[in-house]
Amino acid sequence: MEPEGTILFTSVGLPYFGFDIFSVSLPPNPSDISTQSISETCYTDGVSVNFNAGFTDDETGSVVFVSERSGSSQLYRTRSGKSEPERIFTGVNSIFHDRPTIKNQRLYFVSAHEKLSEPYKSWAAVYEARLDREESRVVRLTPVGTVDLSPAVSQSGKLIAVSSHGSGRWKGDFRELETEIVVFPAADPTKRRVVVGLGGWPTWQGDSVLFFHRKAEDGWWSVYRCDVSGEPATRVTPPGVHALTPAASHNGRWIAVATRRKGRPHRHIELFDLKTEQFYPVTEKLNPNLHHYNPFFSGDSDRFGYHRFRGESAKGDSVVPHLLPVYSPVKNLRMLRVHGTFPSFSPDGGFIAINGNLTDNAGLMILKSDGSKRWILMDQPLIFATAWSPAESGVIFTSVGPIFESVKSTVQIARVSFNISDLEDSKALTNGKSKITVSTKLLTRTDKGNNAFPSCSPDGKKIVFRSGRSGYKNLYIVDSVNGEGENGEGIFRLTEGDWIDTMPNWSPDGELIAFSSNRHNPANADGFGLYLVRPDGTGLRRVHIEGQDTDADLAKERINHVCFSPDSKWLLFTANFGAVMAETISGPNQFQPYGDLYACRVDGSGLVRLTCNQYENGTPTWKSGVVSLEELSLAEPIGDKLRGQFDEPLWLSCDI
């Protein structure tokens, strides 16, 4: 039997992107660029998130791009005279598409519809579809078992270049991908040839020259040039500036690059003159306070485009919805992306407790389950992990203090009590601005270090949580009303060892507690397996998940945010089994872009992948019953103002 119910989860950054596709004309003298000399043309309609575009060669001014508007990353194109983009149905059932190109009535794109049974391999591969036939068979250009990203089509359409991870298993790289530049004929993709041993994001100049980016030995991301005949690659852009995701003009003079410069917080598109080796800023003069990504040239090299946040006053979506439907690959499983973190359902499913973004907004809030209303319980930001008592409608447990800190940092488990009827008071039904009166009791002592990630027993009497009080992060159980006493009464140590046991979740039937741990290799602070234990401390075992067949597989596991299904028969978690789906450097910050949601039975069988994208997905919760889309407030989305407040990759430093 397949899993069923409703899952809420969080995706890092994505709700704030608000990307649309823009372009500008290439002026005769780029040094004269100003807001008076050129203006942007917007191609997309302000709906959802639109990115990674390219001009088509079959219609002047048409672009093909990726959009999240249907609940997953699908392909769309603009048409002359049409106000709304047209979806391109590729003929494959995939929840991930990327980097589309239309050339010679053929569509080239990345898809993940062919599932791999082997773990730690991306499902990303390059495909071709004919657009001049009503029924066109999609052809896989990437060899089976090989991972290809970032396809680029040469000027004639005869050659394809890709950033390839090869046929080996993923090594864990996600900031600087260990990819090769591979070239093959579009007519015979079996004739693959490695032209560069380390590089990404290839772009063609004509049919014989490639540009690509990689991190140089001096620490700066730079653009390189190579001739496909086999000559060694040469560096094009100088140190002192990060030059990323290049696009080459076919006239031989320009490359457009996304840059990051010291002292400037935003990513901007600049033109680089290949003859004079001079940079010309473009988007910094148009939108100095916005990030711009992934440039692309028109076929005649007269225009170049990019994507950016559309702006607060632009047409289209202007709100970050509290809840947003996401495409589910499982028939009876509804999936919703929540604007917040660590959601948990009230006992009757009518409300959702959430935390904010952990830094600068309210720390503990409640949503109505249709997304129509929001209330604030605690407005201080340093609050994380919610657990709504299954036995008390007006009690939520949470952690108060900084997240991801040492064992001795002061973080406390709090019992937050309130009157559930206050949520029905008409005076309290304003959009996230009403403060509900609460009573807060700390269940852990202030001298007991880092106590976090509470989960409640089904009878509401006990809380399991992670604590660093011993010098190591292990699991404890405490009375949910009285907490721990001055002499240690009211608390029970569940696990013990010089490792990390964390993020526990109590099964709804009360029989088991699931958690993440590196106890199998305490020296590896990044490797976490999935474990189960009874509430009395017996029966501890590791869940061997389907497909993880070797010691090497188990050593690579990074499983977190585990929770049970409502019937206690399934486990839901975020894991790194699918590696990365795109070049991480090409977008905003993602802490763990390999983090996708998976579900398996409690014995580890029946593994199902629920998300497949280039974002970090996590902090899920699961309730019985499928929320119908009609119950959600979708006609006029209700949420926060969309302001484009996302970060550049935090690891991309200009202090070199």
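Residues numbered from 1 in each chain as written. Predicted model: local features only at pLDDT ≥ 70, side-chain atom pairs only at ≥ 80, totals over all residues. Heavy atoms only, no water.

- The name that an unreviewed UniProt entry assigns to the chain is Protein TolB, with the source organism given as Rhynchospora pubera.

**Some details on the sheet that holds strand β28 (residues 333-338)**
Moving on, step 1. Strands sit in the order β27-β28-β1-β50 across an open sheet of four strands; the sheet is mixed. Strands with a single pairing partner mark the edges of an open sheet, and in this sheet they are β27 (323-326) and β50 (617-623). With strand direction ignored, the average angle separating the axes of adjacent strands in the sheet is 30°.
Moving on, step 2. Bridge count between strand β1 (residues 5-11) and β50: five bridges; the pairing is antiparallel. Residue pairing across strands places Ile7 opposite Trp622, the latter belonging to β50. (Pairing = 2+ DSSP bridges. Helix = DSSP H or I, 4+ residues; strand = E, 2+ residues; numbered from the N terminus. Axes fitted to C-alpha atoms, helices over the stretch in contact; angles between N-to-C directions.)

**Describing the packing of aromatic side chains**
Moving on, step 1. Evaluation of the coordinates by the stated rule reveals 26 aromatic pairs.
Moving on, step 2. Considering the side-chain rings of Trp170 and Tyr594, the 5.5 Å spacing of their centres and the 50° angle between planes classify their relative orientation as tilted. Taken as a pair, Trp170 in the loop between β13 (159-166) and β14 (180-185) and Tyr594 in the loop between β47 (570-575) and β48 (596-601) lie far apart in primary sequence, 424 residues in all.
Moving on, step 3. Tyr594 sits in the buried class, given a relative accessible area of 8%.
Moving on, step 4. Counting every residue linked through ring pairs, the aromatic cluster contains Phe17, Phe19, Tyr293, Tyr615 and Phe646.
Moving on, step 5. Here the guanidinium or amino end of Arg519 rests over the ring plane of Tyr531, the centre of that ring lying 5.8 Å away. (Phe/Tyr/Trp six-rings, centres within 6.5 Å; stacked < 30°, edge-to-face > 60°. Buried < 20%, exposed > 50% of the residue type's maximum accessible area, 1.4 Å probe, protein only. Lys NZ or Arg CZ within 6 Å of the ring centre and 35° of its normal.)

**A short note on the sheet that holds strand β22 (residues 268-273)**
Moving on, step 1. Strand order in the open sheet made by the four strands is β20-β21-β22-β23, with antiparallel pairing throughout. The two strands at the open ends of the sheet, each matched to only one other strand, are β20 (242-248) and β23 (278-281). The sheet shows a mean angle of 35° between the axes of neighbouring strands, direction not considered.
Moving on, step 2. Direction of pairing for strand β21 (residues 254-260) relative to β22: antiparallel, over a ladder of six bridges. Residue Ile255 lies in a different strand from β22, and its bridge partner there is Phe272.

**What to know about the pairing of strand β12 (residues 147-153)**
Moving on, step 1. For β12, the buried fraction is high: seven of the seven residues fall into the buried class.
Moving on, step 2. The pairing of β12 with β13 spans five bridges and is antiparallel. Bridge pairing in β13 links Asp148 to Ser164.
Moving on, step 3. Between β12 and β13, which follow one another and run antiparallel, lie five residues, and Gly157 among them has a positive phi close to 85°.

**A look at the pairing of strand β34 (residues 395-400)**
Moving on, step 1. Along β34, five of the six residues are buried, which leaves the element largely enclosed by surrounding structure.
Moving on, step 2. Pairing between strand β33 (residues 383-388) and β34: five bridges, direction antiparallel. Across the sheet, Trp388 pairs through a bridge with Ile396, a residue of β34.
Moving on, step 3. Taking the residues that link successive antiparallel strands as the turn, the β33-β34 hairpin has six residues.

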